[in-house]
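# Descriptive structure summary
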Amino acid sequence: MSQRRMTMAKAMVEGIAQEMREDPNVFVMGEDVGPYGGIFDSTQGLLDEFGPERIRDTPISETAFIGAGVGAAMAGSRPIVELMFVDFFGVCMDAIYNLMAKNTYFSGGRSKVPMVLMTATGGGYGDAGQHSQCLHATFAHLPGMKVVHPSTAYDAKGMMIQAIRDDNPVVYMFHKGLQGLGWMWNVKGATTHVPEESYTVPFGEVAVRREGSDVTIVGLGLMVHRALEAAETLAQEGIEAEVVDLRTLVPLDREGVRKSVEKTGRLVVADEDYSSYGMTAEIITSVVEAGVSLTSPPRRVAYPDIPIPFTPPMEKFALPDGEKIAEAARKTMAGAATEGAGARAGAGT
Amino acid sequence: MTEIRIPDDLWDTEKVPEGAVSSWLFEDGEEVTEGSSVATVMAEKTEYDIPAPASGTLSIKVAVEEAVTPGTVIGTLE
(Lines give C-alpha, C1' and ligand atoms only; values in the text may rest on other atoms or scores of the structure.)
Protein backbone atom coordinates (compact mmCIF):
# COMPACT_ATOMS: atom_id res chain seq x y z
CA MET A 1 0.00 0.00 0.00
CA SER A 2 1.29 3.42 -0.85
CA GLN A 3 2.04 5.67 2.04
CA ARG A 4 1.32 9.26 2.97
CA ARG A 5 4.81 10.16 4.07
CA MET A 6 5.61 13.32 6.02
CA THR A 7 8.46 14.93 7.90
CA MET A 8 8.11 15.29 11.65
CA ALA A 9 7.71 19.07 11.36
CA LYS A 10 4.78 18.74 8.95
CA ALA A 11 3.19 16.05 11.10
CA MET A 12 3.33 18.29 14.18
CA VAL A 13 1.78 21.17 12.25
CA GLU A 14 -1.00 18.91 10.95
CA GLY A 15 -1.79 17.82 14.51
CA ILE A 16 -1.95 21.43 15.73
CA ALA A 17 -4.10 22.52 12.76
CA GLN A 18 -6.61 19.68 13.22
CA GLU A 19 -7.06 20.51 16.92
CA MET A 20 -7.39 24.23 16.14
CA ARG A 21 -10.20 23.47 13.68
CA GLU A 22 -12.02 21.39 16.32
CA ASP A 23 -11.48 23.62 19.35
CA PRO A 24 -11.57 27.45 19.19
CA ASN A 25 -9.77 27.62 22.55
CA VAL A 26 -6.51 26.30 21.07
CA PHE A 27 -4.02 28.97 20.03
CA VAL A 28 -0.26 29.24 19.46
CA MET A 29 2.20 31.86 20.63
CA GLY A 30 5.95 32.32 20.71
CA GLU A 31 8.90 33.90 18.96
CA ASP A 32 8.67 33.72 15.14
CA VAL A 33 5.70 31.36 15.10
CA GLY A 34 3.81 33.68 12.69
CA PRO A 35 5.09 34.65 9.22
CA TYR A 36 8.35 32.77 9.80
CA GLY A 37 6.50 29.56 10.69
CA GLY A 38 8.77 28.61 13.58
CA ILE A 39 12.52 28.46 13.13
CA PHE A 40 12.31 24.67 13.11
CA ASP A 41 9.10 24.67 11.00
CA SER A 42 6.86 23.72 13.93
CA THR A 43 4.16 26.25 12.97
CA GLN A 44 4.70 26.44 9.18
CA GLY A 45 1.58 27.66 7.37
CA LEU A 46 -0.63 28.05 10.46
CA LEU A 47 -0.81 31.84 10.24
CA ASP A 48 -2.39 31.66 6.76
CA GLU A 49 -5.21 29.45 7.97
CA PHE A 50 -5.84 30.80 11.46
CA GLY A 51 -4.72 34.44 11.39
CA PRO A 52 -2.75 36.56 13.87
CA GLU A 53 -5.29 36.32 16.73
CA ARG A 54 -4.65 32.58 17.09
CA ILE A 55 -1.05 32.42 15.82
CA ARG A 56 0.61 35.12 17.88
CA ASP A 57 4.17 36.33 17.48
CA THR A 58 5.55 37.52 20.80
CA PRO A 59 8.32 39.88 21.88
CA ILE A 60 11.57 38.29 23.02
CA SER A 61 10.51 37.88 26.64
CA GLU A 62 10.01 34.23 27.51
CA THR A 63 9.09 35.14 31.09
CA ALA A 64 6.21 37.30 29.85
CA PHE A 65 4.75 35.04 27.18
CA ILE A 66 5.09 31.76 29.05
CA GLY A 67 3.56 33.44 32.10
CA ALA A 68 0.76 34.73 29.84
CA GLY A 69 0.29 31.18 28.54
CA VAL A 70 -0.20 29.86 32.08
CA GLY A 71 -2.79 32.57 32.75
CA ALA A 72 -4.62 31.88 29.49
CA ALA A 73 -4.69 28.14 30.25
CA MET A 74 -6.10 28.75 33.74
CA ALA A 75 -8.75 31.05 32.21
CA GLY A 76 -10.01 28.34 29.85
CA SER A 77 -7.82 28.48 26.75
CA ARG A 78 -5.57 25.68 25.53
CA PRO A 79 -2.38 27.50 24.55
CA ILE A 80 0.55 25.96 22.71
CA VAL A 81 3.53 28.11 23.66
CA GLU A 82 6.85 27.69 21.88
CA LEU A 83 10.14 28.16 23.69
CA MET A 84 12.34 28.48 20.61
CA PHE A 85 15.38 26.61 22.02
CA VAL A 86 15.08 24.64 25.25
CA ASP A 87 18.39 26.27 26.23
CA PHE A 88 16.45 29.51 26.82
CA PHE A 89 14.57 28.03 29.80
CA GLY A 90 16.91 29.87 32.17
CA VAL A 91 15.13 33.20 31.91
CA CYS A 92 11.61 31.80 32.24
CA MET A 93 11.93 28.80 34.55
CA ASP A 94 9.83 30.44 37.27
CA ALA A 95 6.87 30.60 34.88
CA ILE A 96 7.48 26.98 33.90
CA TYR A 97 8.16 25.11 37.12
CA ASN A 98 6.62 27.35 39.78
CA LEU A 99 3.50 28.44 37.86
CA MET A 100 2.74 26.10 34.94
CA ALA A 101 3.75 22.94 36.80
CA LYS A 102 2.32 23.77 40.24
CA ASN A 103 -0.82 25.88 39.87
CA THR A 104 -3.14 22.87 39.61
CA TYR A 105 -1.75 21.57 42.91
CA PHE A 106 -1.74 24.96 44.62
CA SER A 107 -5.37 25.58 43.70
CA GLY A 108 -6.43 22.25 45.15
CA GLY A 109 -7.38 21.10 41.68
CA ARG A 110 -9.77 24.02 41.09
CA SER A 111 -7.62 25.47 38.28
CA LYS A 112 -6.38 23.35 35.45
CA VAL A 113 -3.38 24.35 33.32
CA PRO A 114 -4.02 22.68 29.94
CA MET A 115 -0.96 24.13 28.25
CA VAL A 116 1.58 22.70 25.82
CA LEU A 117 5.11 24.06 26.07
CA MET A 118 6.72 23.12 22.76
CA THR A 119 10.50 23.35 22.48
CA ALA A 120 13.42 22.36 20.24
CA THR A 121 16.34 20.33 21.59
CA GLY A 122 19.63 18.81 20.55
CA GLY A 123 22.85 19.52 18.73
CA GLY A 124 25.16 18.07 16.15
CA TYR A 125 25.11 21.06 13.81
CA GLY A 126 27.70 23.40 15.35
CA ASP A 127 25.37 25.68 17.31
CA ALA A 128 27.43 25.61 20.52
CA GLY A 129 26.63 25.39 24.21
CA GLN A 130 23.60 27.68 24.46
CA HIS A 131 21.69 26.28 21.44
CA SER A 132 22.43 22.54 21.42
CA GLN A 133 21.33 21.08 24.74
CA CYS A 134 18.64 18.47 25.32
CA LEU A 135 17.77 19.07 28.99
CA HIS A 136 14.77 16.72 28.99
CA ALA A 137 15.85 15.21 32.31
CA THR A 138 15.83 18.67 33.92
CA PHE A 139 12.11 19.03 33.17
CA ALA A 140 11.33 15.39 33.95
CA HIS A 141 13.01 15.81 37.36
CA LEU A 142 10.60 18.54 38.43
CA PRO A 143 7.10 17.39 39.42
CA GLY A 144 3.92 18.71 37.84
CA MET A 145 4.50 18.49 34.09
CA LYS A 146 4.39 15.72 31.55
CA VAL A 147 7.48 15.47 29.35
CA VAL A 148 7.17 13.89 25.92
CA HIS A 149 9.59 13.53 23.01
CA PRO A 150 8.57 11.85 19.74
CA SER A 151 11.06 10.06 17.48
CA THR A 152 8.89 9.64 14.37
CA ALA A 153 6.43 11.73 12.36
CA TYR A 154 3.60 9.32 13.27
CA ASP A 155 4.25 9.84 16.98
CA ALA A 156 4.85 13.58 16.53
CA LYS A 157 1.29 14.12 15.29
CA GLY A 158 -0.43 11.71 17.69
CA MET A 159 1.48 12.98 20.70
CA MET A 160 0.82 16.60 19.79
CA ILE A 161 -2.94 15.96 19.68
CA GLN A 162 -2.72 14.01 22.95
CA ALA A 163 -0.76 16.90 24.52
CA ILE A 164 -3.28 19.55 23.42
CA ARG A 165 -6.21 17.52 24.80
CA ASP A 166 -4.45 16.83 28.12
CA ASP A 167 -5.72 18.93 31.03
CA ASN A 168 -2.21 18.97 32.51
CA PRO A 169 0.78 20.98 31.32
CA VAL A 170 2.81 19.02 28.78
CA VAL A 171 6.38 19.84 27.75
CA TYR A 172 6.55 18.68 24.13
CA MET A 173 10.19 18.40 23.08
CA PHE A 174 11.40 17.75 19.55
CA HIS A 175 14.94 17.16 18.29
CA LYS A 176 15.97 19.52 15.48
CA GLY A 177 17.67 16.71 13.55
CA LEU A 178 14.40 14.77 13.32
CA GLN A 179 12.28 17.60 11.91
CA GLY A 180 13.17 17.07 8.26
CA LEU A 181 14.45 20.62 7.75
CA GLY A 182 15.83 21.45 4.33
CA TRP A 183 18.86 23.28 5.69
CA MET A 184 20.26 20.71 8.07
CA TRP A 185 21.16 17.05 8.29
CA ASN A 186 18.29 14.66 8.69
CA VAL A 187 17.54 11.22 9.97
CA LYS A 188 15.57 9.29 7.38
CA GLY A 189 13.73 7.05 9.83
CA ALA A 190 11.92 10.02 11.37
CA THR A 191 9.95 10.66 8.16
CA THR A 192 7.13 8.12 8.31
CA HIS A 193 3.62 7.37 7.19
CA VAL A 194 1.13 9.75 8.82
CA PRO A 195 -2.61 9.06 8.61
CA GLU A 196 -4.62 12.05 7.46
CA GLU A 197 -7.31 11.65 10.12
CA SER A 198 -6.89 12.80 13.71
CA TYR A 199 -5.46 10.25 16.19
CA THR A 200 -3.67 10.20 19.52
CA VAL A 201 -0.61 8.38 20.82
CA PRO A 202 -1.04 7.65 24.54
CA PHE A 203 1.63 8.81 26.98
CA GLY A 204 3.53 6.32 29.15
CA GLU A 205 3.96 3.49 26.67
CA VAL A 206 7.34 2.55 25.25
CA ALA A 207 7.59 1.38 21.63
CA VAL A 208 9.89 -1.52 20.77
CA ARG A 209 11.44 -0.33 17.49
CA ARG A 210 13.49 -3.47 16.90
CA GLU A 211 13.26 -6.85 18.57
CA GLY A 212 16.34 -8.64 19.79
CA SER A 213 17.38 -11.23 22.36
CA ASP A 214 20.91 -10.28 23.46
CA VAL A 215 20.88 -6.72 24.78
CA THR A 216 18.31 -3.97 25.32
CA ILE A 217 19.22 -0.48 24.12
CA VAL A 218 16.93 2.22 25.53
CA GLY A 219 16.77 5.65 23.90
CA LEU A 220 14.67 8.76 23.36
CA GLY A 221 14.20 10.95 20.28
CA LEU A 222 17.25 11.04 18.02
CA MET A 223 19.06 8.40 20.11
CA VAL A 224 16.42 5.84 19.10
CA HIS A 225 17.63 6.20 15.52
CA ARG A 226 21.28 6.08 16.60
CA ALA A 227 20.49 2.92 18.58
CA LEU A 228 18.90 1.40 15.47
CA GLU A 229 22.09 2.18 13.51
CA ALA A 230 24.09 0.49 16.29
CA ALA A 231 21.76 -2.51 16.16
CA GLU A 232 22.41 -2.90 12.42
CA THR A 233 26.18 -2.92 13.03
CA LEU A 234 25.83 -5.33 15.95
CA ALA A 235 23.64 -7.70 13.91
CA GLN A 236 26.53 -8.14 11.45
CA GLU A 237 28.63 -9.27 14.42
CA GLY A 238 25.99 -11.73 15.61
CA ILE A 239 24.60 -9.57 18.44
CA GLU A 240 20.82 -9.06 18.37
CA ALA A 241 19.90 -5.79 20.07
CA GLU A 242 16.38 -4.82 21.11
CA VAL A 243 15.75 -1.08 20.73
CA VAL A 244 13.23 0.48 23.11
CA ASP A 245 11.91 4.01 22.43
CA LEU A 246 10.80 5.62 25.70
CA ARG A 247 8.65 8.24 23.88
CA THR A 248 7.66 9.91 27.16
CA LEU A 249 9.76 10.56 30.27
CA VAL A 250 6.77 11.66 32.36
CA PRO A 251 4.86 9.42 32.59
CA LEU A 252 7.62 6.79 32.28
CA ASP A 253 6.81 3.22 31.23
CA ARG A 254 9.21 1.52 33.64
CA GLU A 255 7.42 -1.77 33.14
CA GLY A 256 7.93 -1.64 29.38
CA VAL A 257 11.68 -1.21 29.88
CA ARG A 258 11.77 -3.92 32.54
CA LYS A 259 10.02 -6.43 30.30
CA SER A 260 12.63 -5.99 27.59
CA VAL A 261 15.57 -6.29 29.99
CA GLU A 262 14.02 -9.39 31.60
CA LYS A 263 14.16 -10.94 28.15
CA THR A 264 17.70 -9.88 27.18
CA GLY A 265 19.44 -9.65 30.58
CA ARG A 266 21.62 -6.78 29.39
CA LEU A 267 21.04 -3.03 29.29
CA VAL A 268 22.57 -0.03 27.53
CA VAL A 269 20.91 3.38 27.84
CA ALA A 270 21.68 5.99 25.18
CA ASP A 271 21.01 9.67 25.79
CA GLU A 272 22.05 12.98 24.21
CA ASP A 273 21.31 14.76 27.50
CA TYR A 274 24.06 15.14 30.10
CA SER A 275 25.29 12.00 31.81
CA SER A 276 25.30 12.57 35.55
CA TYR A 277 21.99 12.66 37.47
CA GLY A 278 20.15 12.08 34.21
CA MET A 279 17.79 9.87 32.21
CA THR A 280 20.35 7.09 31.89
CA ALA A 281 20.64 6.82 35.68
CA GLU A 282 16.85 6.82 36.09
CA ILE A 283 16.34 3.98 33.61
CA ILE A 284 19.13 1.84 35.02
CA THR A 285 17.89 2.41 38.58
CA SER A 286 14.32 1.49 37.62
CA VAL A 287 15.51 -1.85 36.27
CA VAL A 288 17.84 -2.59 39.19
CA GLU A 289 15.23 -1.61 41.79
CA ALA A 290 12.72 -3.97 40.20
CA GLY A 291 15.09 -6.84 40.94
CA VAL A 292 15.71 -7.75 37.31
CA SER A 293 18.62 -10.13 37.14
CA LEU A 294 21.30 -8.74 34.83
CA THR A 295 23.86 -10.92 33.07
CA SER A 296 26.40 -8.07 33.00
CA PRO A 297 26.76 -4.54 34.41
CA PRO A 298 24.45 -2.01 32.67
CA ARG A 299 26.09 0.82 30.74
CA ARG A 300 25.20 4.36 29.79
CA VAL A 301 26.18 6.32 26.70
CA ALA A 302 25.38 9.98 27.29
CA TYR A 303 26.70 13.47 26.73
CA PRO A 304 29.80 14.13 28.85
CA ASP A 305 29.31 16.56 31.73
CA ILE A 306 30.82 19.47 29.79
CA PRO A 307 29.47 22.56 27.99
CA ILE A 308 28.78 21.64 24.35
CA PRO A 309 31.70 22.71 22.13
CA PHE A 310 31.11 24.78 19.00
CA THR A 311 33.85 23.39 16.79
CA PRO A 312 32.52 20.41 14.77
CA PRO A 313 35.34 17.88 15.49
CA MET A 314 35.06 18.52 19.22
CA GLU A 315 31.28 18.34 19.17
CA LYS A 316 31.40 15.08 17.22
CA PHE A 317 33.89 13.67 19.73
CA ALA A 318 31.47 14.38 22.58
CA LEU A 319 28.13 13.47 20.95
CA PRO A 320 26.75 9.97 21.48
CA ASP A 321 26.36 8.19 18.13
CA GLY A 322 25.70 4.77 16.66
CA GLU A 323 29.31 3.66 16.97
CA LYS A 324 29.59 4.64 20.64
CA ILE A 325 26.33 2.83 21.39
CA ALA A 326 27.53 -0.28 19.51
CA GLU A 327 30.80 -0.21 21.45
CA ALA A 328 28.93 -0.01 24.76
CA ALA A 329 26.79 -2.97 23.71
CA ARG A 330 29.91 -5.01 22.81
CA LYS A 331 31.42 -4.29 26.22
CA THR A 332 28.17 -5.23 27.91
CA MET A 333 28.14 -8.48 25.95
CA ALA A 334 31.70 -9.10 27.20
CA GLY A 335 30.51 -8.53 30.77
CA ALA A 336 32.80 -5.56 31.33
CA ALA A 337 32.08 -2.91 33.95
CA THR A 338 32.49 0.78 33.03
CA GLU A 339 36.10 1.82 33.45
CA GLY A 340 36.52 4.19 36.37
CA ALA A 341 32.84 3.90 37.33
CA GLY A 342 32.28 5.35 40.75
CA ALA A 343 35.01 7.94 40.26
CA ARG A 344 34.10 9.28 36.88
CA ALA A 345 33.07 12.81 36.06
CA GLY A 346 32.18 12.31 32.42
CA ALA A 347 30.41 9.85 30.22
CA GLY A 348 31.20 7.96 27.06
CA THR A 349 31.39 4.23 27.19
CA MET B 1 6.41 6.86 -17.75
CA THR B 2 5.73 10.23 -16.11
CA GLU B 3 8.42 12.77 -15.31
CA ILE B 4 8.62 14.44 -11.91
CA ARG B 5 9.51 17.93 -12.95
CA ILE B 6 10.12 21.06 -10.91
CA PRO B 7 7.45 23.53 -12.09
CA ASP B 8 8.82 26.20 -14.44
CA ASP B 9 7.43 29.03 -12.31
CA LEU B 10 8.35 27.65 -8.87
CA TRP B 11 10.77 30.50 -8.23
CA ASP B 12 12.23 33.48 -10.06
CA THR B 13 15.58 32.33 -11.51
CA GLU B 14 16.69 35.94 -12.08
CA LYS B 15 16.79 36.38 -8.32
CA VAL B 16 17.65 32.80 -7.30
CA PRO B 17 19.60 31.01 -10.05
CA GLU B 18 19.44 27.53 -8.50
CA GLY B 19 18.19 25.44 -5.63
CA ALA B 20 18.80 21.90 -4.44
CA VAL B 21 16.84 18.76 -3.64
CA SER B 22 16.61 18.81 0.15
CA SER B 23 14.94 15.44 0.72
CA TRP B 24 13.33 12.43 -0.89
CA LEU B 25 10.38 11.16 1.15
CA PHE B 26 10.42 7.81 -0.67
CA GLU B 27 13.24 5.48 -1.71
CA ASP B 28 14.09 4.48 -5.25
CA GLY B 29 11.74 1.71 -6.33
CA GLU B 30 8.95 2.50 -3.86
CA GLU B 31 5.31 2.88 -4.88
CA VAL B 32 3.85 6.37 -4.61
CA THR B 33 0.34 7.71 -5.09
CA GLU B 34 -0.58 10.67 -7.27
CA GLY B 35 -0.68 13.90 -5.28
CA SER B 36 1.41 12.77 -2.31
CA SER B 37 4.63 14.66 -1.62
CA VAL B 38 7.64 12.74 -2.91
CA ALA B 39 10.45 15.26 -2.45
CA THR B 40 11.27 18.70 -1.15
CA VAL B 41 13.35 21.27 -2.96
CA MET B 42 15.01 24.24 -1.30
CA ALA B 43 15.88 27.56 -2.94
CA GLU B 44 17.12 30.58 -0.98
CA LYS B 45 15.82 29.27 2.38
CA THR B 46 12.36 28.49 0.99
CA GLU B 47 11.30 24.85 0.86
CA TYR B 48 8.89 23.56 -1.76
CA ASP B 49 6.95 20.28 -1.74
CA ILE B 50 7.06 18.34 -5.01
CA PRO B 51 3.92 16.21 -5.41
CA ALA B 52 3.78 13.03 -7.50
CA PRO B 53 2.14 13.89 -10.85
CA ALA B 54 0.94 10.27 -11.19
CA SER B 55 0.88 6.99 -9.27
CA GLY B 56 3.68 4.52 -9.91
CA THR B 57 7.12 3.20 -9.04
CA LEU B 58 9.61 5.93 -8.20
CA SER B 59 12.94 6.25 -9.96
CA ILE B 60 15.17 8.97 -8.48
CA LYS B 61 17.25 10.94 -10.98
CA VAL B 62 18.62 13.78 -8.82
CA ALA B 63 20.10 12.98 -5.40
CA VAL B 64 19.73 15.02 -2.21
CA GLU B 65 21.88 18.19 -2.18
CA GLU B 66 22.33 18.19 -5.96
CA ALA B 67 21.54 21.47 -7.73
CA VAL B 68 18.27 21.97 -9.61
CA THR B 69 16.43 24.77 -11.40
CA PRO B 70 12.78 25.17 -12.39
CA GLY B 71 12.15 22.65 -15.18
CA THR B 72 14.64 20.05 -13.92
CA VAL B 73 13.36 16.46 -14.07
CA ILE B 74 14.26 15.03 -10.65
CA GLY B 75 12.71 11.61 -11.08
CA THR B 76 10.26 9.46 -13.00
CA LEU B 77 7.24 7.27 -12.23
CA GLU B 78 6.57 4.03 -14.10
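A quick note: this is a predicted structure, and the numbers were derived from the prediction, not measured. (Residues numbered from 1 in each chain as written. Chains lettered and ligands numbered in written order. Predicted model: local features only at pLDDT ≥ 70, side-chain atom pairs only at ≥ 80, totals over all residues. Heavy atoms only, no water.)

A tally of regular secondary structure across chain A gives twelve helices and 14 strands. Computed over its C-alpha atoms, the radius of gyration of chain A comes to 20 Å, within 12% of the 20 Å expected for a compact globule of 349 residues. In terms of overall dimensions, chain A has a C-alpha envelope of 60 × 50 × 40 Å along the principal axes. Burial status across chain A gives 57% buried among its 349 residues. Pairs at least 24 residues apart make up 80% of the contacts formed inside chain A by residues separated by at least 6 positions. As presented, chain A carries roughly 13700 Å² of accessible surface, and 54% of it is formed by carbon and sulfur atoms. Looking at charge distribution, chain A has the averaged site of its 31 positive side-chain charges lying 3 Å from that of its 44 negative ones. (Helix = DSSP H or I, 4+ residues; strand = E, 2+ residues; numbered from the N terminus. Rg over C-alpha atoms; globule rule 2.2 N^0.38 Å. Buried < 20%, exposed > 50% of the residue type's maximum accessible area, 1.4 Å probe, protein only. Contact = heavy atoms within 4.5 Å. Areas by Shrake-Rupley, 256 points an atom, 1.4 Å probe, with all protein chains shown as cover. Lys, Arg positive; Asp, Glu negative; His and termini not counted. Charge placed at Lys NZ, Arg CZ, Asp CG, Glu CD.)

Residue and element names in this part refer to chain A. Ordered in space as 3-2-4-5-7-6-12, the seven strands form an open sheet in which the pairing is mixed. A single partner strand is all that each edge strand has here, and the edge strands are strand 3 (55–57) and strand 12 (248–250). Each neighbouring strand pair of the sheet contributes to a mean axis angle of 20 degrees, computed without reference to strand direction. Here strand 2 (residues 26–30) runs beside strand 4 (residues 78–85); their pairing, made up of five bridges, is parallel. (Pairing = 2+ DSSP bridges. Axes fitted to C-alpha atoms, helices over the stretch in contact; angles between N-to-C directions.)

Moving on: the packing of helix 9 (residues 254–264) of chain A against helix 10 (residues 279–289) of chain A. The description of two packed helices rests on the angle between their axes and on the distance between the axes. Residue and element names in this part refer to chain A. Relative orientation of the contacting elements helix 9 and helix 10 amounts to 70 degrees, with a least axis distance of 9 Å. For the element pair helix 9 / helix 10, the angle class is roughly perpendicular. Viewed along their axes, helix 9 and helix 10 form a crossing whose handedness is right-handed. Between helix 9, through Arg-254, Val-257 and Val-261, and helix 10, the contact on the second element is made entirely by Glu-282, Ile-283, Ser-286 and Val-287. (Parallel < 35°, antiparallel > 145°, perpendicular 65-115°, else oblique. Left-handed = near helix turned anticlockwise from the far one by under 90°.)

Residue and element names in this part refer to chain A. Packing of helix 8 (residues 222–236) against helix 12 (residues 322–333) brings their axes to within 8 Å, and their N-to-C directions diverge by 60 degrees. With respect to helix 12, the axis of helix 8 lies oblique. Remark: the crossing between helix 8 and helix 12 carries right-handed chirality. The residues of helix 12 that touch helix 8, namely those facing Met-223, Arg-226, Ala-227, Glu-229, Ala-230, Thr-233 and Leu-234, are Gly-322, Glu-323, Ile-325, Ala-326, Ala-329 and Arg-330. Of the residues belonging to the contact of helix 8 with helix 12, the class tally is seven nonpolar, two polar and four charged. (Nonpolar A, V, L, I, M, F, W, Y, C, P; charged D, E, K, R; others polar.)

Listed by partner, the interface residues are 14 residues for chain B and twelve residues for chain A. At the boundary of chain B with chain A, total buried surface from both sides reaches about 1000 Å², with 46% on carbon and sulfur atoms. At the boundary of chain B with chain A, the tally comes to two salt bridges. Close ionic contact of Lys10(A) with Asp49(B) constitutes a salt bridge, the shortest N to O distance being 3.4 Å. Taken together, the links from chain B to chain A amount to five residue pairs in polar contact (both at pLDDT 80 or more). At the level of elements, strand 2 (19–24), strand 3 (31–32), strand 4 (37–43) and strand 5 (46–51) of chain B are the ones that each hand at least two residues to the side of chain B that touches chain A. Here the residues of the side of chain B that touches chain A are counted per class, giving five nonpolar, four polar and five charged. (Buried area = accessible area lost by both parts, 1.4 Å probe. Salt bridge = Lys/Arg side-chain N within 4 Å of Asp/Glu carboxyl O. Polar contact = N/O pair within 3.5 Å; in protein donor to acceptor, adjacent residues only side chain to side chain.)

All names here are of chain A. According to the domain assignment, chain A contains domain 1 (5–193) and domain 2 (207–347). Taken together, the 31 residues of domain 1 in the interface contact 24 residues of domain 2. Together, the buried faces of domain 1 and domain 2 total about 2100 Å²; carbon and sulfur atoms form 60% of this surface. Among the residues of domain 1 in contact with domain 2, His-136, His-149 and Ser-151 are the three that bury the most area, contributing 21% of the side total. The tally of links from domain 1 across to domain 2 stands at two salt bridges. Note that Asp-155 and Arg-209 form a salt bridge whose closest N and O atoms lie 2.8 Å from each other. If you look at where domain 1 meets domain 2, you find 17 residue pairs in polar contact (both at pLDDT 80 or more). The set of elements that each furnish at least two residues to the side of domain 1 that touches domain 2 consists of helix 6 (136–141), strand 6 (146–148) and helix 7 (153–165). It is helix 6 that contributes the most residues to the side of domain 1 that touches domain 2, four residues altogether. Along the lines of polarity and charge, the residues of the side of domain 1 that touches domain 2 split into 15 nonpolar, 14 polar and two charged. (Domains from an automatic or database assignment.)

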